[in-house]
Amino acid sequence: MEANKPQAKPAKAQQSLSNVRGIKNAFLVIIACFVVAVCFYMFFLGDSSNFDEAGHPQNIWGTIYMGGVIVPVLQTLFLTVIVLSVERWIAISSAKGSGNISKFVANIKACLVKNDIAAAQELCKKQKGSVAAVVAAALNRYKEMDENTVLSKEQKITTIQKELEEATALEMPSLQQNLPIVATMTTLGTLIGLLGTVIGMIMAFDKIEQVGDISPTVVAGGMKVALITTIFGIIVALVLQVFYNFILSKIEALTTDMEDSSITLLDLIMKYNLKK
């Protein structure tokens, strides 16, 4: 009786099928992007060719440079999200597996109708990816339940359903890895731009206090900083939001595929295969 109890499967088997790869330490990416941003700000935007002899900007690069220290911070946010978005796109592409998901589910369905579990498991090994990992976990549990003579059919179905839920939950951290950082950077883009606006206004009022005059020439420097950082911050936030929504939609689509395949698999097991 003890031998017929379902045994817990190690997570390593599912992870080997999952095939989701990604950057584990996003902090290193942020540091690298910050170094690149600072170098770009100092040596490209701050190049003397972008300014006249009086120090006034002659082109858009010199104008952006006038935004001050907020500019490399915004550039860091921008570069970090671009890198992590590309990383997530590659990871999600690998999580889809080596073949078409719809065709894979159809082939699994055909195997289950024939009660050929070994062939279905072999298809999972060839497909790989998150959907295949979830299906493989359910098939392994189904094989155990089919040989179990102690539990009722309802208990077996519940056990398989729980296995599907656990396998899906196990895939989510790999798919959503670094996504909170992308969301945070996207929000910070707007806030950092507003911070630059405030700094520019403070510079303008400080200049007024020093000179004792409110002429346009006095306040122009601070207002320029405020406007440059505001515009740059808004542009960065808009671009980052697009990247974030794109990655999020890809994850949701893959999650839907996992849930659909789970429902299909469970229905087939209940209808054709599982012994009472």
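Up top is the structure.
Residues numbered from 1 in each chain as written. Predicted model: local features only at pLDDT ≥ 70, side-chain atom pairs only at ≥ 80, totals over all residues. Heavy atoms only, no water.

Caption draft 1: Expanded view of the overall build of the protein chain. Counting secondary structure elements, the protein chain contains 10 helices and 0 strands. Counting from the amino terminus, helix and strand elements in the protein chain follow one another as α-α-α-α-α-α-α-α-α-α. For the protein chain, the C-alpha radius of gyration of 28 Å lies well beyond 19 Å, the compact-globule estimate for 276 residues. With the C-alpha coordinates of the protein chain rotated into their principal frame, the extents come out at 90 × 30 × 25 Å. Within the protein chain, buried positions represent 40% of all 276 residues. Long-range pairs, those at least 24 residues apart, make up 79% of the contacts in the protein chain between residues at least 6 apart in sequence. Accessible surface for the protein chain amounts to roughly 15,100 Å². Of this, 64% is attributable to carbon and sulfur atoms. Charged side chains in the protein chain number 24 positive and 23 negative. The centres of these two groups are separated by 14 Å. (Helix = DSSP H or I, 4+ residues; strand = E, 2+ residues; numbered from the N terminus. Rg over C-alpha atoms; globule rule 2.2 N^0.38 Å. Buried < 20%, exposed > 50% of the residue type's maximum accessible area, 1.4 Å probe, protein only. Contact = heavy atoms within 4.5 Å. Areas by Shrake-Rupley, 256 points an atom, 1.4 Å probe, with all protein chains shown as cover. Lys, Arg positive; Asp, Glu negative; His and termini not counted. Charge placed at Lys NZ, Arg CZ, Asp CG, Glu CD.)

Caption draft 2: The arrangement of the nonpolar core in detail. Grouped together as the largest cluster of nonpolar side chains are 55 residues, with contacts concentrated most on Phe104, Ile108, Cys124, Val135 and Leu265. Breaking this core down by element, the ones donating at least two residues are α2 (26-45), α4 (70-95), α5 (101-113), α6 (117-127), α7 (129-147), α8 (153-175), α9 (179-211) and α10 (216-273). A total of 12 residues in this core trace back to one element, the largest contributor, which is α10. What isoleucine 108 contacts, discounting residues up to four positions off in sequence, is Ala120, Leu123, Cys124, Val135 and Leu265. (Core = buried A, V, L, I, M, F, W, Y, C linked by side-chain atoms within 4.5 Å.)

Caption draft 3: A look at the pattern of salt bridges. Scanning the model with the defined rule gives 3 salt bridges in all. Salt-bridge contacts for glutamate 87 lead to arginine 88; the nearest nitrogen and oxygen are separated by 2.7 Å. The pair formed by glutamate 87 and arginine 88 is uniform in burial state, with each residue classed as buried. Glutamate 163 is paired through a salt bridge with arginine 141; the nearest N and O atoms lie 3.1 Å apart. On the criterion of sequence distance, the pair formed by glutamate 163 in helix α8 and arginine 141 in helix α7 is long-range, its members being 22 residues apart. Note on glutamate 163: relative accessible area 10%, which makes it buried. Connected through shared salt-bridge partners, Arg141, Glu144 and Glu163 make up one network. (Salt bridge = Lys/Arg side-chain N within 4 Å of Asp/Glu carboxyl O.)

Caption draft 4: Region of the structure containing α5. Taking 1.5 Å of rise per residue, 13 residues should cover 18 Å, and α5 covers 18 Å from first to last C-alpha, within 8% of that figure. Of the residues that open α5, the one with a side-chain oxygen 3.0 Å from the backbone nitrogen of serine 102 is asparagine 100. Once α5 ends, the next one or two residues include asparagine 115, with phi positive near 60 degrees. (Expected span 1.5 Å × (residues − 1). Polar contact = N/O pair within 3.5 Å; in protein donor to acceptor, adjacent residues only side chain to side chain.)

Caption draft 5: Broad picture of α7. Between the first and last C-alpha of α7 there are 28 Å, a value that for 19 residues agrees with the 27 Å anticipated at 1.5 Å per step. Of all 19 residues in α7, 16 are buried, a share of seventy percent or more.

Caption draft 6: Examining unusual backbone geometry more closely. Positive phi outside glycine occurs at lysine 128, with the angle close to 60 degrees. The residue lysine 128 is located in the loop between α6 and α7 in this model. Even without a glycine there, the phi angle at asparagine 178 is positive, about 70 degrees. Counting through the fold element by element, asparagine 178 comes out in the loop between α8 and α9.

Caption draft 7: A look at the packing of aromatic side chains. On inspection of all chains with the given rule, the structure shows 4 aromatic pairs. For the ring pair phenylalanine 44 and tryptophan 61, a centre distance of 5.2 Å and an interplane angle of 65 degrees mean the geometry is edge-to-face. Highlighted residues: phenylalanine 44 in helix α2 and tryptophan 61 in helix α3 (residues 60-65), separated in sequence by 17 residues. Given a relative accessible area of 37%, phenylalanine 44 falls into the partly exposed group. Between phenylalanine 51 and tyrosine 65, the ring centres sit 5.5 Å apart and the planes meet at 75 degrees, which makes this aromatic pair edge-to-face. Here the residue phenylalanine 51 occupies a position in the loop between α2 and α3, and tyrosine 65 occupies one in helix α3, the gap between them amounting to 14 residues. (Phe/Tyr/Trp six-rings, centres within 6.5 Å; stacked < 30°, edge-to-face > 60°.)

Caption draft 8: A look at the environment of serine 262. As for its position among the elements, serine 262 is in helix α10. Relative accessible area serves as the criterion here: at 9%, serine 262 is assigned to the buried category. A C-alpha to C-alpha distance of 6.4 Å links serine 262 and leucine 164, two positions 98 residues apart in sequence. Setting aside anything within four residues of it in sequence, one finds serine 262 in contact with Val134, Leu164 and Thr168.

Caption draft 9: Structural context of a nonpolar patch on the surface. Together, Phe27, Leu28, Ile31, Phe34 and Val35 make up an exposed nonpolar region whose accessible area comes to about 490 Å². Take isoleucine 31: its relative accessible area is 39%, and that puts it in the partly exposed class. (Patch = residues over 30% accessible without salt bridge, like charges linked within 9 Å, V, L, I, M, F, W, Y side chains within 5 Å.)

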